[in-house]
Amino acid sequence: MDMDGMSMSPSGVSDTNKAFAKGFWYFVAAAVALFLLIRVVNFVQNWWRVCSVPFPTQPTNQLLQLWATLTAVCREASYPQLYIPIRGLSWMTPPPMGRIFVLLVYWAVIIYMMVKGVLVTDATYYDRVGYRNAWVTVTQIPLLYLLASRTNIIALIAGTSYERLNWLHRWVARTLLVTATVHGFTFYTSWVQWDGVEIEIEMMSMVKYGFGAWAILLWMTITSFKPFRSMAYELFVIQHILAAVIFLWVVYVHVPKAAKYNVWFSVAALCFDRTCRLALLLCQNIKLRLDPSRCKGEQWIGHQTQLTLIGESMTVLTIKDVHFKWKMGQHLYLWLPQVGPFDVHPYTIASAHQMPETCICNSIQLVVRSHLGFSKRLNQFARKMEAAGKKQTLTALVIGPYGHPPKWDSFETLVLISASTGASYTLPILESVLHSKAASCIKRVDFLLAARLGEEVSYYRERLSEVTEKAKNVGIELSVHIAVTGNGQLEKLSGVSPTSSLASKTSREKVAINEETKTSANIEGAVDPLMSLSHKQLSGPRPDSHIQHSASRPDITGFIRSAVEATGGETGVAVCGGQSLVASVRMTVAKLSDERAVHKGTGAQGIYLHVEEYSF
């Protein structure tokens, strides 16, 4: 049985199906080229900015103004996201509008390919629909494997990173399941009509492999949903890789020779990605020559790693002798054979520069909060070592760095928002901005860290105390807010004591706070001041005199609004946290951009949003 060689197929069907398959890749190439064009234009625009002028991020000519307006319109339309706050159902929160638009375009192309020229009722209707959807299905398989790669060619060209395309990988797989179901269902319906189901299954072995491929695809799709993925992430990864390899083999046996190139394309993508991962692992973790005088943490294989416990649930890993450069916001994959022989997990690099008092070589830090699985075992391992009085060091192997963060110094104002260990993403950005010696457009930074437990912010609070003094020296206006919402948790922070007011603030700052309160009351219709200042406020002695502490939930809208309205140029907002925080920031930025009519003749400048969400 041949998908494009059956005698019952009308003349020319095979060529038509192949033409649609070729057209699909023209569509993918065009989409990637469009994002490449956008990347080039944005690069030229950022390069063109002169940071020495009063408002370097404002458009200086009509062409740049047109581009800024188009960008603002696309941002406003793509940022909003509906969040489902129901416990146990939050995983069903739909994607943001930008991703929904991309999916609608993709689905429009797929549906057009599925139905164009085949919906004609005649004797070969079911076979014609079945063949068409077979080609539509098999043509998408290489895209599925390309999007799953860490060494992602599409991401490289488009100027993004593999993890930011992971959502599309999942939705392409779900679309693939739909087209594969239509393909199989139409043929099965045809066989039922002439009572030939058993005959087809007995005579045609490829039919059995077809059912097998569909079953594997269904299994991978179901287990990829967040509730199943979160149950045992390590097990999910192992079974997913095995299923992906078996799926390719089953599809290879199922499809005819004319369509096997799609399988080989997928195999090539998979092998290329795995080869690059292996090469990166060997290159970064094996040293051919040691120089004891150069770095006291140097070793032949892997990196010496020190474990430090913070509170009950956090473990800080200091990885020494790391001889690669990284950008703030990037992450790497961590492998600790002594803790988890088969566990490799991604963690954000929590340091922006060489860690002091470690060694003269680069050292990086990772902050791991204990949940289940690997993170819990790591915390328990560190506690056992501490209880036994042993040195809390072990060997780590790293793969990375990965990620393509924005050019942060191209904005005039930065708003950095994080929840708990999300500060591992935002704090290095703040540190890099303040320590950078390159020309920068940044004039103001607003930093917000929210957590439920005091121990979750203690590690970051010490570093924030240092950067507040650094901001003064470099002439950047810095505002830092820490909100610890757990009952009685803020008092547990060392050096912080409850007060009835911000005793460390001057009367001028009090007036500014009151003005912000009035502004929030006018806009929201109720007194909901910045950082909920009507609730209990906590402030500590130096060196935290420039850090505002709060024991109540932060007012995200008021926090972002105050920064946006105070700037005369473009604002960059970065948020790292869970779904509820991310959705709240998305809606706030979209609403502010619409209210202020950004780049639509009002003089209001752009608001860029970069999201890092806990979604692995």
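Keep in mind it's a predicted model, so treat the numbers as computed, not measured. (Residues numbered from 1 in each chain as written. Predicted model: local features only at pLDDT ≥ 70, side-chain atom pairs only at ≥ 80, totals over all residues. Heavy atoms only, no water.)

Could you give an account of helix H4 (residues 125–147), with specific residues and numbers?
The terminal C-alpha atoms of H4 lie 34 Å apart, and with 23 residues this matches the ideal 33 Å at 1.5 Å per residue to within 8%. Of all the bends found along H4, the most pronounced is centred on isoleucine 141 and spans about 25 degrees, while proline 142, a proline, follows it within four residues. (Helix = DSSP H or I, 4+ residues; strand = E, 2+ residues; numbered from the N terminus. Expected span 1.5 Å × (residues − 1). Bend = angle between axes of the 7 residues up to and from the residue.)

I'd love a proper account of the pattern of salt bridges, names of residues and values included.
Tallying each qualifying case throughout the model produces 15 salt bridges. Two residues, arginine 277 and aspartate 273, come together in a salt bridge whose shortest N-O distance is 2.8 Å. With arginine 277 and aspartate 273 both in helix H11 (residues 260–285) and 4 residues apart, this pair spans about one turn of that helix. The same class applies to arginine 277 as to aspartate 273, namely buried. One salt-bridge network, in which partners are shared between bridges, spans Arg444, Asp446 and Glu477. (Salt bridge = Lys/Arg side-chain N within 4 Å of Asp/Glu carboxyl O. Buried < 20%, exposed > 50% of the residue type's maximum accessible area, 1.4 Å probe, protein only.)

Please set out the sheet that holds strand S6 (residues 393–402) residue by residue, giving values where relevant.
If you trace the 6 strands from one edge of the open sheet to the other, you get S4-S3-S6-S1-S2-S5, paired in antiparallel fashion. Of all the strands in the sheet, just strand S4 (344–348) and strand S5 (364–369) have a single pairing partner and so form its edges. The sheet shows a mean angle of 40 degrees between the axes of neighbouring strands, taken without regard to direction. Packed on one face of the sheet, H11 meets strand S1 (303–310), strand S3 (331–335) and S6 and runs near 130 degrees to S6. Here helix H14 (residues 455–474) sits on the sheet and contacts S1, strand S2 (314–319) and S5; the angle it forms with S5, its principal contact strand, is near 160 degrees. (Pairing = 2+ DSSP bridges. Axes fitted to C-alpha atoms, helices over the stretch in contact; angles between N-to-C directions. Contact = heavy atoms within 4.5 Å.)

For the packing of aromatic side chains, give the residues involved together with the corresponding values.
Across all of its chains, the model carries 18 aromatic pairs by this definition. Centre to centre, the rings of phenylalanine 324 and tryptophan 326 are 6.2 Å apart; their planes meet at 70 degrees, and the pair counts as edge-to-face. Residue phenylalanine 324 is classed as buried on the basis of its relative accessible area, which comes to 10%. Accessibility expressed as a relative area gives 13% for tryptophan 326, which makes it buried. Consider the rings of tyrosine 333 and tyrosine 402, whose centres lie 5.8 Å apart with planes at 85 degrees: the pair is edge-to-face. One end of the pair, tyrosine 333, is in strand S3; the other, tyrosine 402, is in strand S6, and 69 residues separate them in sequence. (Phe/Tyr/Trp six-rings, centres within 6.5 Å; stacked < 30°, edge-to-face > 60°.)

A description of the confidence of the model for the protein chain should follow, citing residues and the corresponding values.
Taken over all residues, the pLDDT of the protein chain has a mean of 82, while the share at 70 or more is 85%. Segment residues 1–12: pLDDT under 50, and 25 contacts once partners within four positions in sequence are set aside and those in other chains are kept. In this model, residues 498–543 is a region of pLDDT below 50 whose contacts with residues beyond four sequence positions or in other chains number 71 contacts. (pLDDT = per-residue confidence, 0-100.)

Give me the lowdown on the pairing of S1, citing residues and values where you can.
Relative to S6, S1 runs antiparallel, the two sharing 4 bridges. Looking across to S6, one finds that glutamine 306 is bridged to threonine 393. Strand direction decides the pairing type here: S1 and S2, joined by 6 bridges, are antiparallel. Within S2, the position partnered with isoleucine 310 by the bridge is methionine 314.

With reference to specific residues and values, describe the packing of helix H10 (residues 233–254) against H11.
How two helices sit against one another is set out by the angle between their axes and by the gap between those axes. Two numbers describe how H10 lies on H11: the axes approach to 9 Å, and their chain directions differ by 155 degrees. Put simply, H10 runs roughly antiparallel to H11. As for the relative orientation of H10 and H11, their crossing is left-handed in sense. Packed against H10, whose contacting residues are Ile241, Val245, Leu248, Val251 and Tyr252, the element H11 presents Lys260, Val263, Trp264, Ser266, Val267, Leu270 and Arg274 at the interface. Looking at the contact of H10 with H11, its residues break down into 9 nonpolar, 1 polar and 2 charged. (Parallel < 35°, antiparallel > 145°, perpendicular 65-115°, else oblique. Left-handed = near helix turned anticlockwise from the far one by under 90°. Nonpolar A, V, L, I, M, F, W, Y, C, P; charged D, E, K, R; others polar.)

Requested: an account of the nonpolar core, with residues and values cited.
Grouped together as the largest cluster of nonpolar side chains are 60 residues, with contacts concentrated most on Ile417, Leu430, Leu464, Ile560 and Val585. The leading source of residues in this core is helix H13 (residues 423–435), at 7 residues. Other than its neighbours up to four places away in sequence, isoleucine 560 contacts Val415, Ile417, Val585, Thr588, Val589 and Leu592. Phe20, Met113, Val138 and Ala173 belong to the second-largest nonpolar core, a separate cluster that totals 43 residues. (Core = buried A, V, L, I, M, F, W, Y, C linked by side-chain atoms within 4.5 Å.)

Describe a nonpolar patch on the surface, listing the residues and the values that go with them.
On the surface, a cluster of nonpolar side chains totalling about 1,000 Å² of accessible area is made up of Leu36, Val40, Phe43, Val44, Trp47, Trp48, Ile153, Leu156, Ile157 and Phe272. Of all the secondary-structure elements, those providing two or more residues to the nonpolar patch are helix H1 (13–48) and helix H5 (153–158). For the nonpolar patch, the leading source of residues is H1, giving 6 residues. By secondary structure assignment, the location of isoleucine 153 is in helix H5. (Patch = residues over 30% accessible without salt bridge, like charges linked within 9 Å, V, L, I, M, F, W, Y side chains within 5 Å. Areas by Shrake-Rupley, 256 points an atom, 1.4 Å probe, with all protein chains shown as cover.)

So what's going on with unusual backbone geometry? Residues and values would help.
Trans is the common state for peptide bonds, and a negative phi is the common state for residues other than glycine. Residue glycine 400 is joined to proline 401 through a cis peptide bond whose omega torsion reads 5 degrees. By secondary structure assignment, the location of proline 401 is in strand S6. Its identity as a non-glycine residue notwithstanding, aspartate 321 has a phi of 55 degrees, on the positive side. Among the secondary structure elements, aspartate 321 is positioned in the loop between S2 and S3. The class of aspartate 321 is buried, set by a relative accessible area of 0%. Positive phi values are uncommon outside glycine, yet alanine 597 reaches one of about 50 degrees. Relative accessible area serves as the criterion here: at 18%, alanine 597 is assigned to the buried category.

Can you tell me about the side chain of glutamine 81, naming the residues and giving the values?
Considering the arrangement of structural elements, one finds glutamine 81 in the loop between helix H2 (62–78) and helix H3 (97–115). On the basis of relative accessibility, which here comes to 9%, the residue glutamine 81 falls in the buried class. Within the structure, the side chain of glutamine 81 is placed 3.0 Å from the backbone oxygen of proline 94, a separation counted as a polar contact. Reaching out from glutamine 81, the side chain makes a polar contact with the side chain of arginine 586 at a distance of 3.5 Å. What glutamine 81 contacts, discounting residues up to four positions off in sequence, is Thr93, Pro94, Pro95, Pro96, Val582, Ala583, Arg586 and Met587. (Polar contact = N/O pair within 3.5 Å; in protein donor to acceptor, adjacent residues only side chain to side chain.)

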